[in-house]
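# Structural description and commentary
What follows is the residue order along each chain.
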Amino acid sequence: MSDIEFSDDVEVEIKAKINNIDEMRERIKVNGGKLVSKNLIRDFSFDYENEELRKRDCVLRVRVFESGEGIITFKGPRKGDKRYKIREELEVHVGNGLSAVKIFERLGFKQVFRIDRIREIYEFEEEGVRIMLDVFPEIGVFMEVEGSKRGIEKVVRKLRMNRSAFTVLTLHHYIEEFKKKFGRVPKLTFDN
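Description of the structure in this document.

We now examine the side chain of R163. Topologically, R163 is positioned in the loop between α4 (149–158) and α5 (171–182). Within polar-contact distance, the side chain of R163 engages the backbone oxygen of R83 at 3.0 Å. Residues contacting R163, with those up to four places away along its chain left out, are I14, R83, Y84, E153 and V156.

Quick look at the structure:
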């Protein structure tokens with residue numbers, strides 16, 4: 001394995017929990033964000049039996065879209081940055097996401113996490129930034145802002161948002177928060 005850094009394969013993002021998705025949608029559109037897609041997304045995360053990926057702070061995920069297509073994603077360990085979540089991200093698009101899920105299962109990987117979301121993606125082309133509005137079954141609505149650090153900060157200012165509302169916490173943090181508050185695991189899928 002080489003030690004080459006591929007800067008195009010690095011994801012930089014911040015996340016905020018939002019209360020009013022309609023207000024945020026309007027704010028995004030008024031300030032130049034263009035809706036690119038809206039999809040029901042089903043995420044399946046895998047690991048080895050010994051949880052080696054989790055121990056290395058890595059993620060192996062298959063994302064399945066409404067169309068049936070999918071994306072296989074590997075996320076490397078998070079970099080030590082308190083203001084931005086930064087990690088290597090490698091992706092491969094596949095024609096059949098559920099077949100990719102089955103392939104990983106047949107290879108001996110175990111499914112360790114499953115979550116659904118309805119995701120709207122907006123682009124701020126000039127800043128090179130994408131905003132994702134994610135609606136989860138029970139843990140709430142979140143906004144991710146992804147791009148370069150400079151672009152992210154420019155869009156946050158453009159939207160007149162308080163920078164301190166943003167975090168680098170993962171969804172697992174919010175799931176644990178829900179469990180403490182309600183004494184149960186939140187519903188994570190739109191399945192019945």
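Still to come is the rest of the account.
The element strand β7 (residues 129–135) is extensively covered by neighbouring structure, given that five of its seven residues are classed as buried. As paired strands, strand β6 (residues 110–124) and β7 are joined by seven bridges and run antiparallel to one another. Across the sheet, the residue bridging to F124 is V129, located in β7. Between β6 and the antiparallel strand that follows it, β7, lie four residues; G128 among them carries a positive phi value of about 65 degrees. Alignment of β7 against strand β8 (residues 141–146), held across six bridges, turns out to be antiparallel. Residue pairing in the sheet places D134 in a bridge with F142 of β8. Counting the residues that bridge the hairpin from β7 to β8 gives five residues, and of these G140 lies at a positive phi of roughly 115 degrees.

Two side chains bearing opposite charge may form a pair once their charged atoms approach each other closely. By the definition in use, this model includes 30 salt bridges. D116 is the partner of R114 in a salt bridge, and the nearest nitrogen-oxygen pair spans 3.0 Å. In terms of burial, R114 and D116 fall into one category: buried. Residue E138 is joined to R184 by a salt bridge in which the shortest nitrogen-to-oxygen separation is 2.9 Å. Of the two residues, E138 is situated in the loop between β7 and β8 and R184 in the segment after α5; the sequence distance between them amounts to 46 residues. Residue E138 is classed as partly exposed on the basis of its relative accessible area of 32%. What makes R184 partly exposed here is its relative accessible area of 40%. By sharing partners, the salt bridges in this structure join K15, D43, R63, R117, R119, D134 and E144 into a single network.

The rules behind the values
- Residues numbered from 1 in each chain as written.
- Predicted model: local features only at pLDDT ≥ 70, side-chain atom pairs only at ≥ 80, totals over all residues.
- Heavy atoms only, no water.
- Helix = DSSP H or I, 4+ residues; strand = E, 2+ residues; numbered from the N terminus.
- Polar contact = N/O pair within 3.5 Å; in protein donor to acceptor, adjacent residues only side chain to side chain.
- Contact = heavy atoms within 4.5 Å.
- Buried < 20%, exposed > 50% of the residue type's maximum accessible area, 1.4 Å probe, protein only.
- Pairing = 2+ DSSP bridges.
- Salt bridge = Lys/Arg side-chain N within 4 Å of Asp/Glu carboxyl O.

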